[in-house]
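Okay, here's what each chain looks like letter by letter:
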Amino acid sequence: MSRVKSQISISVDGFVAGPNQSLENPIGEGGLRLHEWVFETAAWHAMQGEAGGEQGSDSDAVAGINANVGAYIMGRNMFTPGRGEWDLDWKGWWGDDPPYHVPVFVLTHHPRAPLPMQGGTTFNFVTEGVEHALGLARTAAGEKDVSIAGGANTIQQFLHADLIDELTLHVAPVLLGRGERLFENVGDPKFKPVGVNGSGRVTHIKYEIEHKN
């Protein structure tokens with residue numbers, strides 16, 4: 001059965017990006033520290049066409065990011081640093097072959113025609129809000145899952161609307177002190193821990209979210 005899932009790296013003090021995000025530093029000052037655990041894994045090395053890296057729970061977590069995902073949803077801020085009307089020359093951070101390889105639905109206030117890319121990724125731009133985007137993503141995904149890719153504000157909107165079934169936090173042993181918090185304006189989701197594992201670099205905590213209705 002298709003499920004709505006999300007996963008994100010987060011600091012011990014609850015931030016998913018550092019302060020002063022910019023084009024040159026899109027995840028803010030210190031934000032890269034949240035993701036350093038990824039780069040040591042065998043799964044990450046394999047994605048880059050390289051040998052080596054460490055096996056174990058961290059590698060399994062990286063390998064599972066795209067598992068059984070038939071569509072993604074992301075906020076405009078994850079797709080582009082731009083605001084206002086579109087710069088049509090901008091096609092995302094990921095080059096000509098983004099890592100998604102399925103339809104991606106981008107939440108925005110400004111219409112834009114679908115943007116097909118190499119490898120099966122098509123960016124679709126949705127102006128009608130999170131529930132409409134989820135309906136489109138479910139249709140595109142079929143029996144596969146829908147992943148809420150981020151950023152923080154997009155995950156917040158889906159949590160507040162009680163639309164996420166499963167949330168995985170990759171908790172890095174880092175204190176950022178400032179930046180973008182994940183758990184703001186989310187209402188009162190009912191989290192049920194269903195799995196915890198990790199390494200010296202990160203702890204993976206999976207929650208099922210008990211729906212209110």
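Going by the structure above, here's the rest.
These numbers were taken from a predicted model, which means no experiment stands behind them. (Residues numbered from 1 in each chain as written. Predicted model: local features only at pLDDT ≥ 70, side-chain atom pairs only at ≥ 80, totals over all residues. Heavy atoms only, no water.)

Undergrad: Can you tell me about helix H4 (residues 130-141), naming the residues and giving the values?
TA: For H4, with 12 residues, the first-to-last C-alpha span of 16 Å sits near the 16 Å given by 1.5 Å per residue. Those residues of H4 that sit buried are Val 130, Ala 133, Leu 134, Ala 137 and Ala 141. Down the axis of H4, the sector holding all buried residues measures 100 degrees, keeping them to one side. Within H4, the exposed residues directed more than 90 degrees away from the buried face are Glu 131 and Thr 139. Following H4 by one or two positions, Gly 142 adopts a phi angle in the positive range, close to 65 degrees. (Helix = DSSP H or I, 4+ residues; strand = E, 2+ residues; numbered from the N terminus. Expected span 1.5 Å × (residues − 1). Buried < 20%, exposed > 50% of the residue type's maximum accessible area, 1.4 Å probe, protein only. Arc of directions from axis to C-beta.)

Undergrad: Kindly report on the sheet that holds strand S4 (residues 103-107), identifying the contributing residues and their values.
TA: The 9 strands lie next to each other as S5-S6-S4-S3-S7-S1-S8-S11-S10, forming an open sheet whose pairing is mixed. Looking along the sheet, the strands with just one partner apiece sit at the ends: strand S5 (115-116) and strand S10 (190-198). Where strand S3 (residues 69-75) meets S4, 4 bridges bridge the pair, whose relative direction is parallel. From the neighbouring strand, Tyr 72 faces S4, where its bridge partner is Val 104. Packing of H4 onto the sheet brings it into contact with strand S1 (4-11), S3, S4, strand S6 (122-126) and strand S7 (145-150), and relative to S3 it is tilted by some 160 degrees. Lying on the sheet, helix H5 (residues 152-160) is in contact with S1, S3, S4, S7 and strand S11 (203-210); it crosses S7 at an angle near 130 degrees. (Pairing = 2+ DSSP bridges. Contact = heavy atoms within 4.5 Å. Axes fitted to C-alpha atoms, helices over the stretch in contact; angles between N-to-C directions.)

Undergrad: Give me the lowdown on the pattern of salt bridges, citing residues and values where you can.
TA: Summed over all chains, the structure comprises 5 salt bridges. Here Asp 145 ties to Lys 5 by a salt bridge, and the two come within 3.1 Å at their closest N and O atoms. Of this pair, Asp 145 sits in strand S7 while Lys 5 sits in strand S1, and the two are 140 residues apart along the sequence. Classification of Asp 145 by relative accessible area gives buried; the value is 5%. When its relative accessible area of 19% is taken as the criterion, Lys 5 is described as buried. Of the charged contacts in the structure, one is a salt bridge between Lys 190 and Asp 188, with a shortest N-O distance of 2.8 Å. Taking the relative accessible area as the measure of exposure, Lys 190 reaches 39% and is therefore partly exposed. Given a relative accessible area of 45%, Asp 188 falls into the partly exposed group. Put simply, Arg 3, Glu 166 and Glu 208 are held in one network by salt bridges that share partners. (Salt bridge = Lys/Arg side-chain N within 4 Å of Asp/Glu carboxyl O.)

Undergrad: Quick one: what's the story with the layout of surface pockets, residue by residue and with numbers?
TA: Of the voids in this model, the second largest pocket is the one considered here, and its volume is about 340 Å³. Contributions of two or more residues to the lining of the second largest pocket are made by S1, helix H2 (57-63), strand S8 (166-172), S10 and S11. Taken together, the residues of the lining of the second largest pocket sort by class into 5 nonpolar, 10 polar and 4 charged. (1 Å grid on protein atoms, 1.4 Å probe; cavity = no way out; pocket = protein on both sides within 12 Å on 5 of 7 lines; lining within 4 Å. Points joined across faces, edges and corners; volume = space filled by probe spheres on them. Nonpolar A, V, L, I, M, F, W, Y, C, P; charged D, E, K, R; others polar.)

Undergrad: Can you lay out the packing of aromatic side chains for me, pointing to particular residues and giving the numbers?
TA: Overall, the coordinates contain 13 aromatic pairs when judged by the stated rule. Among the aromatic residues, those joined into a ring-pair cluster are Tyr 72, Phe 79, Trp 86, Trp 94, Tyr 100, Phe 123 and Phe 125. The ring of Trp 86 has Arg 76 lying over it, and the distance from NZ or CZ to the ring centre is 3.9 Å. The cationic tip of Arg 112 hangs over the ring face of Trp 86; the distance from NZ or CZ to the ring centre is 5.0 Å. (Phe/Tyr/Trp six-rings, centres within 6.5 Å; stacked < 30°, edge-to-face > 60°. Lys NZ or Arg CZ within 6 Å of the ring centre and 35° of its normal.)

Undergrad: Describe the side chain of Lys 5, with residues and values.
TA: Polar contacts involving the side chain of Lys 5 include one to the side chain of Asp 145, which spans 3.1 Å. Setting aside residues up to four positions removed in sequence, Lys 5 forms contacts with Ala 67, Asp 145, Val 146, Ser 147, Ile 148 and Glu 166. (Polar contact = N/O pair within 3.5 Å; in protein donor to acceptor, adjacent residues only side chain to side chain.)

Undergrad: Which residues make up the environment of Pro 103, and what values go with them?
TA: With respect to the element layout, Pro 103 can be found in strand S4. Considered as a pair, Pro 103 and Ala 71 are 32 residues apart in the sequence and their alpha carbons are 5.1 Å apart. Not counting residues up to four positions away in its chain, the partners in contact with Pro 103 are Gly 70, Ala 71, Tyr 72, Gly 120, Thr 122, Asn 124 and Ala 140.

Shape is all these values report; function is a separate question.
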